[in-house]
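Chain residues, written in single-letter form:
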Amino acid sequence: MTIFLKAQEISQYTIKTRRRLHQIPELAFQEFETAKFVIEQLKQMGFEVKEGVGGTGVVALFDSGRPGKTLMLRFDMDGLPVQEDTAHTFTSLCDGRMHACGHDGHMAVGLSLARLLRENPDEINGKVLFVFQPAEEIGQGAKAMIADGLFDFVPVDYALAVHLWAEKPFGWVAIPDGPVMGGSSDLVIDVTGKGGHAAKPDLTIDPLYIASQIIVALQSVVSRSISPSQSAVVSITQMEASDRRNIIANKARMAGTIRWFDNQTRELIEERIESIAKGIAASFGAEAEVLIRESTIPVNNQTYISNICRKKLEDMRVDIEELVVDSHYRTNLSEDFAYIVDRIPGAMLLIGAGQKVDGKIHPHHHPKFDIDEKAMTLAIAALFETIKALT
Ligand SMILES: [Zn+2]
Ligand SMILES: [Zn+2]
């Protein structure tokens, strides 16, 4: 029997697990009930579990008893501050919180895979380190687990992770070489002018007007400074100045996000933002201060691993006729699995999981977000087959 069919055999467990976790979404670093559930499941399967790694993180090791490589599998655990708006029977029981990114599905994939390995211990060699990570949505969980000794349990050779991907249908899997998800930085620009009465603008240096000029000029960073073959994002999403209609503020603050796929582009963007903001502010007699803080680095897939993964997926075509293996797709969305593959070679697979709610597929983080639960079975099989090949 193929691994996919074996994964399909336990799909009732996978779905039940996902739905239970869907009901108890918890925010970053608050995944207490979630971790408790994961720990109980792993213990029932006979795993020794290390809990409280990097906050609420959970780690468990599968040892085949045979020599081979050691693989780390990362599954994220956090939900989002979103009010669910679906009519599911298993809708979130927590007011204002929802698994609106599919991390409930990722944990179900992880636990099902752990179960499948326990039931089929002779299928692989080496070891598999299961990592259930907190706080992916705020980009802090992987760093916290690493700082708390994630790499000290056992020497790890490779790392794998999956993300269920709502914008693509069941059967689609993206596994490109190189960056699959973008790096991101938070951007804050403070423009300091001279406040005063709104009816006397000539006596002020209006920082809001200057900030608006800066926003317009920042559009040139991607369209005029970055090569058309590269992709990047510079978005200003927040602005604050005076809170009165008749007062021109002393200072205007704008904030936003930057996304990139390589360091050269990142440096170029940062330089351009700095010189545009400072130059425009100076030309009006104001001052601009630019603060850029790294949020996440890109997730880089290692070619050796993505190659094996794509080959194994092709073999799964016998069971999945909808299969489309995409080796070019990448996205500006970020993932903090990046900090794991920054340390050891690895790869992230995006697994098509589009599921309509009220006649439409809704994006990640939307109150009507949902996943096609079949995609979890595909994810389990893809990971299992890749582990088999790599260990
Ligand atoms: Zn998310
Ligand atoms: Zn996510």
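Caption draft 1: Focus on the domain arrangement of the protein chain. When the domains of the protein chain are assigned, the result is domain 1 (3–180 + 298–390) and domain 2 (183–296). A straight line from the C-alpha centre of domain 1 to that of domain 2 covers 37 Å. Contact residues are listed per partner, giving 14 residues for domain 1 and 10 residues for domain 2. Across the interface of domain 1 and domain 2, roughly 1,000 Å² is buried in total on both sides, 48% from carbon and sulfur atoms. Counting every contact that joins domain 1 to domain 2 gives 0 salt bridges. Across the domain 1-domain 2 interface, the total number found is 4 residue pairs in polar contact (both at pLDDT 80 or more). Those elements giving two or more residues to the side of domain 1 that touches domain 2 turn out to be β7 (178–181) and α9 (338–341). Class assignment of the residues belonging to the side of domain 1 that touches domain 2 gives a composition of 6 nonpolar, 4 polar and 4 charged.

Caption draft 2: Main features of unusual backbone geometry. Even without a glycine there, the phi angle at Phe-29 is positive, about 65°. Locating Phe-29 in the fold gives a position in the loop between α2 (11–23) and α3 (32–44).

Caption draft 3: The arrangement of the sheet that holds strand β6 (residues 172–174) in detail. Taken in spatial order, the 8 strands of this open sheet run β1-β2-β4-β3-β5-β16-β6-β15, and their pairing is mixed. The sheet terminates laterally at β1 (49–53) and β15 (324–326), the two strands that pair on one side only. On average, each strand axis in the sheet is inclined to that of its neighbour by 20°, with strand direction left out of account. Lying on the sheet, helix α8 (residues 303–315) is in contact with β5 (158–165), β6, β15 and β16 (346–352); it crosses β16 at an angle near 35°.

Reading guide: rules and limits
Residues numbered from 1 in each chain as written. Chains lettered and ligands numbered in written order. Predicted model: local features only at pLDDT ≥ 70, side-chain atom pairs only at ≥ 80, totals over all residues. Heavy atoms only, no water. Domains from an automatic or database assignment. Contact = heavy atoms within 4.5 Å. Buried area = accessible area lost by both parts, 1.4 Å probe. Salt bridge = Lys/Arg side-chain N within 4 Å of Asp/Glu carboxyl O. Polar contact = N/O pair within 3.5 Å; in protein donor to acceptor, adjacent residues only side chain to side chain. Helix = DSSP H or I, 4+ residues; strand = E, 2+ residues; numbered from the N terminus. Nonpolar A, V, L, I, M, F, W, Y, C, P; charged D, E, K, R; others polar. Pairing = 2+ DSSP bridges. Axes fitted to C-alpha atoms, helices over the stretch in contact; angles between N-to-C directions.

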